[in-house]
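Per-entry structural report
Each chain is listed here by its residues.
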Amino acid sequence: MPNRLRRALVNAVSLALVFGMGSVSVLVAETWQQRRMQHDSFRFLMFENATPAAWPCDATISVRVNLDFVPQRERGEVMSDIAVSLQTINEHARVKLVVAEPTSLIPTTAMLEAREYVSANTVLFAFAHQGQSDLLPSVAAATGGGLWVHDSNLDKPVISVGYVMVAVERLSDYRTGPGYLSRQALFTHELLHVLGLDHVKNDPQSILREKISQSIGTIGPGDIAGMAALGELACQ
């Protein structure tokens with residue numbers, strides 16, 4: 001079955017892209033359906049067959065950052081905000097996100113589908129101009145998502161490569177540091193999409209509200225529960 005692309009465009013702030021092939025066992029799908037009925041405070045990104053996917057159990061994921069289009073004077077602050085976002089997620093997720101060697105790559109759909117220049121268990125975190133990639137449309141401040149493949153040994157989909165893209169034209173819309181409409185909130189929001197979590201509508205404490213402006217800028221109990229659920233999905 002050919003790869004399929006799923007897009008969710010959210011108020012010029014967030015775009016989640018997920019694509020892959022294959023199916024998962026009935027047990028995994030049933031477990032998710034039961035969990036969804038019990039928890040309205042988090043949602044998984046749904047792939048083909050309306051099933052979720054997660055990174056490999058207890059994986060160490062390399063985050064390669066492209067700062068080529070970020071002004072030199074801002075790069076230190078940007079990297080500090082990325083580091084805090086990674087630390088925030090690592091405190092609650094089963095996976096571990098670590099900053100790896102920098103890159104000049106700008107991810108595109110074709111690159112990720114072909115897996116060109118991108119190793120497994122890698123996230124490309126790129127700052128680029130709007131229009132430089134089909135993954136960063138002109139209406140979005142940032143995007144995040146991942147590529148999943150069907151693991152025949154585990155009989156379920158597994159996310160193998162992820163990306164975050166931030167429009168440099170919109171970077172000044174978000175202040176450095178933590179809190180409301182901050183870069184840390186924006187980066188954490190997109191990284192949670194990379195992990196496999198979708199937007200939520202009814203949880204005012206979640207950082208994954210469809211509009212970043214609706215979030216208080218910090219992760220909430222639902223986000224933490226979602227990361228725990230992803231860990232269960234990956235490691236069961």
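Our subject is the structure that appears above.
My aim in this report is to walk through the structure given alongside it, one point at a time. (Residues numbered from 1 in each chain as written. Predicted model: local features only at pLDDT ≥ 70, side-chain atom pairs only at ≥ 80, totals over all residues. Heavy atoms only, no water.)

A few points about the pairing of strand β6 (residues 142-151)
Most of β6 sits out of view: seven of its ten residues are buried. Judged from the ten bridges that link them, β6 and strand β7 (residues 156-167) form a sheet pairing that is antiparallel. Bridging from a neighbouring strand, A142 pairs with V166 of β7. With antiparallel pairing between neighbouring strands as the criterion, β6 and β7 make up a hairpin whose turn holds four residues, including D155 at a positive phi of roughly 55°. (Buried < 20%, exposed > 50% of the residue type's maximum accessible area, 1.4 Å probe, protein only. Helix = DSSP H or I, 4+ residues; strand = E, 2+ residues; numbered from the N terminus. Pairing = 2+ DSSP bridges.)

Describing empty space enclosed by the protein
By the definition in use, this model includes two cavities of 30 Å³ or more. Of the voids in this model, the largest cavity is the one considered here, and its volume is about 100 Å³. Taken together, 14 residues line the largest cavity, and the ones lying closest to its centre are R94, V95, M227, L230 and G231. Considering only residue class, the lining of the largest cavity consists of eleven nonpolar, one polar and two charged. As for the second largest cavity, its lining consists of A54, W55, P56, C57, L154, K156, P157, V158, L233 and A234. Every element with two or more residues in the lining of the second largest cavity is listed here: β7 and α5 (221-235). (1 Å grid on protein atoms, 1.4 Å probe; cavity = no way out; pocket = protein on both sides within 12 Å on 5 of 7 lines; lining within 4 Å. Points joined across faces, edges and corners; volume = space filled by probe spheres on them. Nonpolar A, V, L, I, M, F, W, Y, C, P; charged D, E, K, R; others polar.)

Quick look at the packing of helix α2 (residues 75-90) against helix α4 (residues 183-195)
Where α2 contacts α4, the two axes come as close as 9 Å, and the packing angle between them is 50°. With respect to α4, the axis of α2 lies oblique. For α2 against α4, the interelement crossing comes out right-handed. Contacts between α2 and α4 involve V78, D81, I82, V84, S85, L86 and I89 from the first element and R183, Q184, F187, T188, L191, L192 and L195 from the second. Class assignment for the residues of the contact of α2 with α4 results in nine nonpolar, three polar and two charged. (Axes fitted to C-alpha atoms, helices over the stretch in contact; angles between N-to-C directions. Parallel < 35°, antiparallel > 145°, perpendicular 65-115°, else oblique. Left-handed = near helix turned anticlockwise from the far one by under 90°. Contact = heavy atoms within 4.5 Å.)

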